[in-house]
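As a plain string of letters, each chain reads:
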Amino acid sequence: MNRAATPSLRRKIVTFLGSCALLVVLSTAAWLAFNPAKPAPNATFTLLSGQEVSTTELKGKVYIVNFWATSCSSCIKEMPQLVNTYNKFKAREFELIAVAMSYDSPMYVTNYTQTRQLPFKVAIDDGVATKSFGNVQLTPTMFVISKSGDILKRYVGPPNFDELNKLLESELVK
């Protein structure tokens, strides 16, 4: 190698590495600016049992709030997978609340919950929770919330359950 070329090559390498470092810093800053951790709203759910559960009480646990309806075929189709997910993680500081939409008949929700023996908490929204979570209108809509109370992921439509379970697993070990 020509000794005269060595300083030039070093400058190019340093410039290249500096550019890469700058790109990483800017990319990270841009990602954080557009994807900040958003706290879950303060919401209270009235369960079918009459008990109330709030998002404030759930801090310290990883939890899912799943908005659904008995008239939603995608919701009904995903329900057995939600049961499997709940059963897989329920012993590990995990909770799941299935929130039926306010237009859903309480009789239908109760019947579905009992006949399917849903093992997790079920509530019927009075319209407040859907507004608190960004005016949810489509079902199913699911929010995965961290132990610190931040929304980790929002799914509109049925989630990829393998991806969901991996997300839950990684969050539960923190």
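Residues numbered from 1 in each chain as written. Predicted model: local features only at pLDDT ≥ 70, side-chain atom pairs only at ≥ 80, totals over all residues. Heavy atoms only, no water.

Visitor: Teacher, can you tell me more about the overall build of the chain here?
Guide: Broken down by element type, the chain carries six helices and eight strands. Across the chain, helices and strands are ordered from the amino to the carboxyl terminus as α-β-β-β-α-β-α-β-α-β-α-β-β-α. Out of the 174 residues in the chain, the part that is buried amounts to 39%. Here the chain displays about 10,300 Å² of accessible surface, and carbon together with sulfur accounts for 56% of that area. (Helix = DSSP H or I, 4+ residues; strand = E, 2+ residues; numbered from the N terminus. Buried < 20%, exposed > 50% of the residue type's maximum accessible area, 1.4 Å probe, protein only. Areas by Shrake-Rupley, 256 points an atom, 1.4 Å probe, with all protein chains shown as cover.)

Visitor: What should I look at first to understand the confidence of the model for the chain in this one?
Guide: Atom-level detail of predicted coordinates should not be read off regions where pLDDT is low. Considering every residue of the chain, the mean pLDDT works out to 87; 79% of them sit at 70 or more. Residue range residues 20–33 is modelled with pLDDT below 50. Its contacts to residues more than four positions away, or to other chains, number zero contacts. (pLDDT = per-residue confidence, 0-100. Contact = heavy atoms within 4.5 Å.)

Visitor: For this particular structure, what's the right way to read the pattern of salt bridges?
Guide: Two side chains with opposite charge may pair up if their charged atoms get near one another. Tallied over the entire structure, the rule returns five salt bridges. The partner of Glu 95 in a salt bridge is Lys 61, with the nearest N and O atoms 3.9 Å apart. Residue Glu 95 is found in strand E5 (residues 94–100), and its partner Lys 61 is found in the loop between helix H2 (55–58) and strand E4 (62–68); the two are separated by 34 residues along the sequence. What makes Lys 61 partly exposed here is its relative accessible area of 27%. The salt bridge involving Glu 171 is made with Lys 174; its shortest N-O contact spans 3.1 Å. For Lys 174, a relative accessible area of 66% corresponds to the exposed category. (Salt bridge = Lys/Arg side-chain N within 4 Å of Asp/Glu carboxyl O.)

Visitor: What should I look at first to understand the state of the cysteines in this one?
Guide: Here, disulfide denotes a covalent bond that connects the sulfur atoms of two cysteines. Evaluation of the coordinates by the stated rule reveals one disulfide. In this model, Cys 72 is linked to Cys 75 through a disulfide, with the two sulfur atoms separated by 2.4 Å. Looking down the S-S bond of the Cys 72 and Cys 75 bridge, the torsion is 80 degrees, so its handedness is right-handed. In this structure Cys 75 comes out as buried when scored by relative accessible area, which is 0%. (Disulfide = S-S within 2.5 Å.)

Visitor: I keep staring at unusual backbone geometry and nothing clicks. Help me out?
Guide: Excluding glycine, most residues fall at negative phi; most peptide bonds, likewise, are trans. Geometrically, the link from Thr 139 to Pro 140 is a cis peptide bond, its omega value of -5 degrees lying close to zero. Tracing the backbone through its elements, the reader meets Pro 140 in the loop between helix H5 (128–132) and strand E7 (141–145). The backbone phi angle of Gln 117 is positive, close to 50 degrees, even though this residue is not glycine. Here Gln 117 is to be found in the loop between helix H4 (106–115) and strand E6 (121–124). For Gln 117, a relative accessible area of 66% gives the class exposed.

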